[in-house]
Amino acid sequence: MATEGPDTLNPSLMDTGHGQNVDDLSRSLQRFNWPDYLVFVLMLVSCIFIGIYFGYKDHQKHKNRKTARRDSEALDYLVGGRKMKIFPVAVSLVASWISGISLLGTSTEIYVYGTQYCYIVFAIVLMGFAMHYIFLPVFHDLQITSAYEYLQMRFDKRMRVFGSVLFMVACLLWMPVVIYVPALAFNQVTGINIHTVTPIVCLICIFYTSVGGMKAVVWTDVIQSAVTLGAILVVLIKGVIDIGGPSVVLERNLAGKRIEAPIYDPNPTLRHSVWTMWIGGSVWYTYGVSCSQDMIQRYLSLPTLDHARKALRGFIFGMILVIVLLSSIGMLIYATYHDCDPLTTNLAAAKDQLLPLFVMDIFQNYPGAAGVFVAGIFSAALSSLSSALNALAAITFEDFVKPYFEDKLTEKQIAITLRGSVLIFGIISVIFIYVVEHLGAVMQLTMTLSSTSGGPLFGLFVMGILMPWVNATGALYGGLAGFLSMCYLCFRSQASMATGQIIYSTKQMDVSGCLYQYSNVTKPDPTFDEMEKSIHHISYLYFTLFGTIVSCTVGSLVSLLSNHVDSEPIDPKLLAPFIRRFIEKHTKPQEKYPLNSPVQSENINMDIHQPE
């Protein structure tokens, strides 16, 4: 599939690889020199100093206080005193979402499976509408710190604890993947073992997160985002110039059938289609933005709902931009290796090492350039990890410590609790890396694992905000049913892929143009479509939707059977704005909402209750 002309050969890999075997070539590409290490270390040091700066400022503010107040240590540490600015928060939202998983996983997705995944940008827009009109108004009206405090206000204390535990499970499954991904990149460019670099980087992240709190997390996100975006643009521009321009990239991707029109087949077992991405993808994105403490914490750090909505629009724009750029890099990598696939030759040991390999290839003669890229990968990972650690500290304090000690805690005790939580969860994440490295490609793995608790957790908020007939008992049983069903679904799916029972067909690869020596072991390649299908064969993008449907269905049925248990009406602030208006419109004047008895309507046969 080679094209005639001077741009056919990649001037770096093809020339330097002539006559070498794959192992020698791999070692020759590991040229991480002192300028690269300098750039990498400077990025880490800047994070440390930002943490120290904001930690010192907060210490000066609180050092004379003996008891916790509304504007105390916890409020400043967790939500920046609710006085953050729109731009850094919007950037921080993107940085929290775009981890090394996205940077490596998206480009790998395009290289291996084609451009079908690009259409998920429409799911991001749909998520934006849901956040703008449904979730943000509720959370901002309540002015809470923990997103799961809402579940207690809407249902009862059991649901708050249950929601917090589900989020903790999601974070503990997700954070090791976030750390593992940049370690893969570092291993590819330096040869240093991933278990050597991960503890060091994690300790730095734990330090600046525990010392500086939300302000340090947000402002390091801004700096890290600039480094990450710069690295993406440099790689994209340099790669396109080397290969001969955008027309060559498009030509080779069309010839290799990477560029695809939308697939409208409604088959739910298709890995990617318009329906899996627009329906399943939008639910997954909405869950990630509306029910995750780390995201909600940022929206609540802004002073008004209008500010939060502007930050949301910035987040949507930033996400679409990043996906377009990363997809372009995936196409560029394929155009570069269109006739010498490094996965087939084992030049790249894992799929998610394609981008690091490409970077070392095109920047062989540019000292420091690879360091910028690796710093960008680690910046993306650190921003996501610090966000999760800060959110876990918020959950631990707000949902498990504060309710039992109330105003008995001193400022020092609060500080120890928050920072100790960051340290403990960070250490757990490092330990879990030993499990993650055996579980497959990172992007699909992340979405699958997050759905384990994400589906039922999103179901709890959907029942609370959009389904006023669901009571606390129904929500509890619905959440449990959703969690158990998702544990089965996700475990069966990952186990089937790990054992080869599920194999998704990849795009055709070519090695006819390789100028280096390699040993290629041909393996049978059964396709997914030829295998007998069951529920765990549905697209991974539908997993969160499946868990949500199970939770809401069981929750509604149990609520109808136990409707007599709850007796108080719901505060209208706990419902989506359009639900409030609908109920008020269909409520008799003498029964204007809220009342001391259940709200009833001639047109809707339901009671709206609040548990004692």
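Note that the structure is a prediction, hence the values are computed from the model and not measured. (Residues numbered from 1 in each chain as written. Predicted model: local features only at pLDDT ≥ 70, side-chain atom pairs only at ≥ 80, totals over all residues. Heavy atoms only, no water.)

Caption draft 1: Quick look at unusual backbone geometry. In this structure, Lys 257 is a non-glycine residue whose phi angle is positive, near 60°. Residue placement: Lys 257 occurs in the loop between α11 (246–255) and α12 (274–290). The phi dihedral of Asn 346 falls on the positive side, at around 65°, and the residue is not glycine. Structurally, Asn 346 is set in the loop between α14 (305–336) and α15 (354–362). (Helix = DSSP H or I, 4+ residues; strand = E, 2+ residues; numbered from the N terminus.)

Caption draft 2: Seen up close, the packing of aromatic side chains. Overall, the coordinates contain 14 aromatic pairs when judged by the stated rule. Residues Phe 135 and Phe 458 carry aromatic rings whose centres are separated by 6.0 Å and whose planes lie at 35° to one another, so their mutual orientation is tilted. With Phe 135 in helix α7 (residues 121–142) and Phe 458 in helix α18 (residues 442–466), the pair connects residues that are 323 residues apart, well separated along the chain. Of the two residues, Phe 135 and Phe 458, both sit in the buried class. One aromatic cluster is present, formed by Phe 139, Tyr 148, Tyr 150, Phe 167 and Phe 461 through successive ring pairs. (Phe/Tyr/Trp six-rings, centres within 6.5 Å; stacked < 30°, edge-to-face > 60°. Buried < 20%, exposed > 50% of the residue type's maximum accessible area, 1.4 Å probe, protein only.)

Caption draft 3: View of the packing of helix α6 (residues 100–113) against α15. For the pair α6 and α15, the least separation of the axes is 8 Å and the interaxial angle reads 90°. In terms of orientation, α6 and α15 fall into the roughly perpendicular class. Between α6 and α15, the contacting residues are Leu 103, Leu 104, Ser 107, Thr 108 and Tyr 111 on the first element and Leu 354, Leu 355 and Pro 356 on the second. Of the residues assigned to the contact of α6 with α15, the class counts are six nonpolar, two polar and no charged. (Axes fitted to C-alpha atoms, helices over the stretch in contact; angles between N-to-C directions. Parallel < 35°, antiparallel > 145°, perpendicular 65-115°, else oblique. Contact = heavy atoms within 4.5 Å. Nonpolar A, V, L, I, M, F, W, Y, C, P; charged D, E, K, R; others polar.)

Caption draft 4: Local environment of the confidence of the model for the chain. In the predicted model, the chain carries a mean pLDDT of 77, and 78% of its residues have values of at least 70. Least confident of the elements in the chain is helix α1 (residues 13–16), whose mean pLDDT is 48; most confident is helix α20 (residues 543–561), at 93. The model gives residues 522–530 a pLDDT under 50, and that stretch makes twelve contacts with residues more than four places away or in other chains. pLDDT under 50 marks residues 589–612. Its contacts with residues more than four places away, or in other chains, come to 71 contacts. (pLDDT = per-residue confidence, 0-100.)

Caption draft 5: A look at the pattern of salt bridges. Considering all chains together, one arrives at seven salt bridges under this definition. Between Glu 260 and Lys 507 there is a salt bridge, with its nearest N and O atoms 2.5 Å apart. Taken together, the residues Glu 260 in the loop between α11 and α12 and Lys 507 in the loop between α19 (472–498) and α20 connect sequence positions 247 residues apart. We classify Glu 260 as buried; its relative accessible area is 18%. Between Lys 310 and Asp 306 there is a salt bridge, with its nearest N and O atoms 3.5 Å apart. Of this pair, Lys 310 and Asp 306 both sit in helix α14, separated by four residues, roughly a single helical turn. Here Asp 306 falls in the partly exposed class, since its relative accessible area comes to 42%. (Salt bridge = Lys/Arg side-chain N within 4 Å of Asp/Glu carboxyl O.)

Caption draft 6: Structural view of α12. The end-to-end C-alpha distance of α12, which contains 17 residues, comes to 23 Å, matching closely the 24 Å that a straight helix rising 1.5 Å per residue would cover. At Gly 281, α12 shows its maximal kink, close to 30°. (Expected span 1.5 Å × (residues − 1). Bend = angle between axes of the 7 residues up to and from the residue.)

Caption draft 7: Region of interest: the side chain of Thr 108. Along the chain, Thr 108 falls in helix α6. Aside from chain neighbours lying at most four places away, what touches Thr 108 is Lys 351, Asp 352 and Leu 354.

Caption draft 8: Seen up close, the packing of α6 against α14. Viewed as axis vectors pointing N to C, α6 and α14 meet at an angle of 50°, and their least axial separation amounts to 7 Å. Here α6 lies oblique to α14, going by the angle between them. The way α6 lies across α14 gives a crossing that is right-handed. Across the interface between the two elements, Ser 102, Leu 103, Thr 106, Ser 107, Ile 110 and Tyr 111 from α6 touch Leu 326, Ser 327, Ile 329, Gly 330, Met 331, Ile 333 and Tyr 334 from α14. Here the residues of the contact of α6 with α14 are counted per class, giving eight nonpolar, five polar and no charged. (Left-handed = near helix turned anticlockwise from the far one by under 90°.)

Caption draft 9: Structural context of the nonpolar core. If you look at the biggest cluster of nonpolar residues, it comprises 175 residues, and the most contacted ones within it are Tyr 150, Tyr 285, Tyr 299, Phe 315 and Phe 461. Looking at this core element by element, the count peaks at 20 residues for helix α9 (residues 157–190). (Core = buried A, V, L, I, M, F, W, Y, C linked by side-chain atoms within 4.5 Å.)

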